[in-house]
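Observations on the three-dimensional arrangement
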Amino acid sequence: MDGLIFLFIFVLFNALLLFAINAQRNSSFSIDLIHRDSTLSPLYNNSVINGVNHFDSSMYIDSKYVQSEMSHQSGEYLMKIQISESYEVVAIASMISDLIWIQCDPCDGCYPQNKPYFKPGGSTYKRVPFESHFCKALGRIKRGERKGECLYKRYKSSEHKITSGVLSTETFYLQSPDYKPQPYQKIVFGCGTDNAMIVSMDVQGVVGLGRGDLSLVSQLGSKISGKFSYCLRKNHMNTITKLKFGPQPPIQKKTSTLKLFTQPDSSSSLYVLNLKEIRIKGKKLEVSELNRDMVLDIGTTVTKLHWRIYDSLIASLREVIGDEIKPVEDPTGKYSLCYKNKDISGVAIPDMIFKFASTNFLSGSDLTLTPSHTFQNLGAKLCMLIIRSTHAHGRSVLGSAAQKDFRVEYEAGKNKVTFIETSCEENLG
């Protein structure tokens, strides 16, 4: 027994030593990730803007599907970055797009913001040439007549987040573990001069975190070993979480490593899983190969399922809950399945086990979603945080509610994402 304890301590010590060596070799740092409805958010008390429903960000994905949500269902997370030596930006973190963009002066076609637009032209500012591979990564581009720079038009981070401008580079300052912002030179971003976004005046742009070449994650690349992670807290109202870049210390908890797929008919921005089946109380709901794509997105609160999967799930769930307990309508129309709390208080809501293709393709890997991931109290009702997909092709989305209390680690270069069951309150996001 003593030998086993010694062996465990030896293995753990070596793992931590290896992590420390790698951390020195690579840059590890974190950026605050703030839910838009948190009391710490600049958007706090400003959650309903012009009556727009920001229910989720996945309606747009791949030039076809996005929106976002507000109030208690708000989906978006914000982050702060510094561009050049003095310009601080509050931006929306986007998992489903690549381009980093802000509003630049002169900005005749811009939405209003509560601070001056960024003035390009400092010593570290450069325009990206039209011939650059970064320019070619954008859809609608043309060569600038004066300096041959890359001009882009109507890049969509989502349906309501659109920018046109000049592709540029500048020094970005990002937070390090000792809280001193570290410079990262020649980060490519969109200097937007004609932009549209339905958002608070406190937000100046978008930071793309997708899989494409233009995203912040891809540009940092080897500096962060191609890795980033987050741990979303269940209570986001008066806390922040951390978007962490680079290798992180290991957690000895239950782990599911899932394979990331690239679809030939999809944007390369997306983190796509392959959903093979769902199990409820031992009942298996198999997913046909045509309907298995599931996009990871923290800008969408709810999980969305292809209508064939959703209908089977609802039938199985109602069978477990019992026909004698009748669903009630959600007056907002946002949730598809709700019950009165007084009717369902004595019922044990079952776990849902989602089986995905794993890095070991033959085996697959399970992700257990508890009732805290799949249901939410809304006043006198309990509503399911899973709805039918409204995407034209029924594309499924794994939303932020289903990802809470997991440390989610991305390693896109190796086509994998790892879910580690943990308490995000204990592990400080």
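Parameters and conventions
What you see as residue numbers is a count from 1 along each chain, following the sequence as written. Selection of residues for local features in this predicted model requires a pLDDT of at least 70, selection of side-chain atom pairs for listing and counting requires 80 or more, and totals for whole chains, interfaces and linings are taken over all residues. Side-chain numbers come from the whole structure's heavy atoms, not from hydrogens or water. Salt bridges are counted wherever a side-chain nitrogen of Lys or Arg sits within 4 Å of a carboxyl oxygen of Asp or Glu. In this text, helices come from DSSP runs of H or I with a minimum length of four residues, and strands from runs of E with a minimum of two, each type numbered from the N-terminal end. Any residue under 20% of the maximum accessible area for its type is buried, any over 50% is exposed, and the rest in between are partly exposed; the area is computed with a 1.4 Å probe on protein chains only. Being paired, for any two strands, means DSSP has found at least two bridges between them. All axes here are fitted lines through C-alpha atoms, helices being fitted over the stretch that makes contact, and every angle between N-to-C directions spans 0 to 180 degrees. Count a disulfide wherever a pair of cysteine sulfur atoms falls within 2.5 Å.

**A closer look at the pattern of salt bridges**
Here the structure, examined in full by the defined rule, presents 17 salt bridges. Lys161 is paired through a salt bridge with Glu76; the nearest N and O atoms lie 2.8 Å apart. One end of the pair, Lys161, is in strand 8 (residues 161-174); the other, Glu76, is in the loop between helix 2 (61-64) and strand 2 (77-83), and 85 residues separate them in sequence. Note on accessibility: Lys161 and Glu76 belong to one class, buried. Residues participating in the shared-partner salt-bridge network are Arg36, Glu76 and Lys161.

**Comments concerning the sheet that holds strand 21 (residues 375-378)**
Pairing between the strands of a sheet is mediated by backbone hydrogen bonds and can be parallel or antiparallel. Strand order in this open sheet of three strands is 18-22-21, and the pairing throughout is antiparallel. Of all the strands in the sheet, the pair left with one neighbour each is strand 18 (338-340) and strand 21. Shown here is a sheet whose adjacent strand axes are inclined to one another by a mean of 25°, direction ignored. Pairing between strand 21 and strand 22 (residues 381-384): four bridges, direction antiparallel. When the bridges of strand 22 are listed, Leu378 appears paired with Lys381.

**Description of the state of the cysteines**
For the coordinates displayed, the defined rule picks out five disulfides. Here Cys135 connects covalently by a disulfide to Cys150, the sulfurs 2.1 Å from one another. The disulfide joining Cys135 to Cys150 has a torsion of about 80° about its S-S bond and is therefore right-handed. You can see Cys135 sitting in helix 3 (residues 133-136) and its partner Cys150 sitting in strand 7 (residues 150-158), a full 15 residues away along the chain. Across this residue pair, the class does not change: Cys135 and Cys150 are buried. Covalent S-S linkage joins Cys338 and Cys383, the inter-sulfur distance amounting to 2.0 Å. Torsion about the S-S bond of the Cys338 and Cys383 cystine: about 110°, corresponding to right-handed handedness. In this pair, Cys338 sits in strand 18 while Cys383 sits in strand 22, placing the two residues 45 residues apart along the sequence. Like Cys383, Cys338 is buried. By sequence-ordered numbering of the bonded cysteines, the chain has its disulfides arranged as 1-6, 2-3, 4-5, 7-10, 8-9.

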